Amino acid sequence: PRSTLFPYTTLFRSVSAGGASACVTTGQVTGGNGPWKLVAAPTLCQLPAENSAQYQQTGQSLAQLTKISLNLADAGPVTSTMTVAYQGSQAAHDRSVTAVGFDGRFRPAAALGAVEEPGYAYTKVPAGPHGGTLACANVEGSENCVWATPTTVCEITIIDPTGELIGANTAANAVRIRDALEVPA
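Sequence positions are assigned chain by chain, starting from 1 and proceeding in written order. The predicted origin of the model limits local features to residues at a pLDDT of at least 70 and limits the giving and counting of side-chain atom pairs to 80 or more, whereas totals for whole chains, interfaces and linings rest on all residues. Excluding hydrogens and water, the side-chain figures rest on all heavy atoms present in the structure.

(A) View of the pairing of strand β5 (residues 96–104). Only protein chains enter the accessibility calculation, which uses a 1.4 Å probe; a residue is then buried when its area is under 20% of its type maximum, exposed when over 50%, and partly exposed in between. Comment: elements are numbered from the N terminus, with helices defined as DSSP H or I runs of at least four residues and strands as E runs of at least two. Of all nine residues that make up β5, nine are buried, and the element is covered over most of its length. Burial along β5 is two-sided: Ser96, Thr98, Val100, Phe102 and Gly104 and Val97, Ala99, Gly101 and Asp103, pointing in opposite directions, are all buried. Both strand β4 (residues 78–87) and β5 contribute to a ladder of nine bridges, which runs antiparallel. Each bridged residue has a counterpart across the sheet, and for Val84 the counterpart in β5 is Ala99. A pair of strands counts as paired when DSSP detects no fewer than two bridges linking them. In this sheet, strand β9 (residues 152–159) lies alongside β5 in antiparallel orientation, the contact comprising eight bridges. Bridged to Val100 within β9 is Glu155.

(B) Looking closely at the state of the cysteines. Count a disulfide wherever a pair of cysteine sulfur atoms falls within 2.5 Å. Counted under the stated rule, the structure contains one disulfide. The partner cysteine of Cys136 in its disulfide is Cys145, sulfur to sulfur 2.1 Å. The sign of the S-S torsion, about 110°, decides the handedness of the disulfide formed by Cys136 and Cys145: right-handed. You can call Cys136 buried: its relative accessible area is 8%. Its relative accessible area of 0% is what places Cys145 among the buried residues.

(C) The arrangement of unusual backbone geometry in detail. Within the chain, Cys45 stands out as a residue other than glycine whose phi angle is a positive 55°. You can see Cys45 is positioned in the loop between β2 (43–44) and β3 (47–50). Residue Cys45 is classed as buried on the basis of its relative accessible area of 4%. Phi at Asp74 is positive, roughly 50°, even though this residue is not glycine. Relative accessible area serves as the criterion here: at 55%, Asp74 is assigned to the exposed category.

(D) Local environment of the pattern of salt bridges. When a carboxyl oxygen of Asp or Glu lies within 4 Å of a side-chain nitrogen of Lys or Arg, that pair is called a salt bridge. Throughout the structure, instances matching the rule amount to two salt bridges. Here Arg95 makes a salt bridge to Asp160, at a shortest N to O gap of 3.0 Å. Taken together, the positions of Arg95 in the loop between β4 and β5 and Asp160 in the loop between β9 and α4 (170–181) put the pair 65 residues apart, joining distant regions of the chain. Each of the two residues, Arg95 as well as Asp160, counts as buried.

(E) Structural view of the sheet that holds strand β8 (residues 142–148). Spatially, the eight strands line up as an open sheet ordered β2-β3-β4-β5-β9-β8-β7-β6, and their pairing is antiparallel. Pairing within the sheet leaves two strands with one partner each, and these edge strands are β2 and β6 (123–124). The pairing of β8 with β9 spans six bridges and is antiparallel. Its bridge partner lying in β9, Val146 is registered against Glu155. Contacts from helix α2 (residues 53–72) reach β3, β4, β5 and β9, with the element oriented near 135° to β4. Contacting β6, β7 (133–139), β8 and β9, helix α3 (residues 108–115) runs over the sheet at an angle of about 155° to β8. By definition in these notes, contact holds between two residues if any of their heavy atoms fall within 4.5 Å. Only the contacting stretch of a helix is used when fitting its axis, a line to C-alpha atoms as for every element, and angles between N-to-C directions run 0 to 180 degrees.

And the structure:
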């Protein structure tokens, strides 16, 4: 099985970010009690958002597939969709982060199960101060993390050959990425 984000992230393998990752820096992640909503931050991990029509169309197509999975799992109704891809402008590191997320009313366990890629071993990791559930897996050489709360569901894929964003850093960076993309409603 392939990640639902695989075609989306493949578009970014020819470009990269240079320099250290903002996601790896120390600092306190903001918290709150929710409910939450998803936003597309202008930059993430020192990577600018890619806003071309090609990336938006691909992201929306993948969001539609994921939304079907959520509906089939009876995970709850989707009220809005957010898709965003972040990529650098230099070819040295080949780094990207993509996200496909939803606002709505969800049953977190059902939503998490619907969005996780079949056939891969997801490990639950601390969800951070936003609560809910968060799980990550290595999917075809990239890190795929999924979180779910009663008001948001999001899948992120991280490609980073430097290892700054993935490996031992995956869980902490997933929480930092989540903090940038998920804000109080």
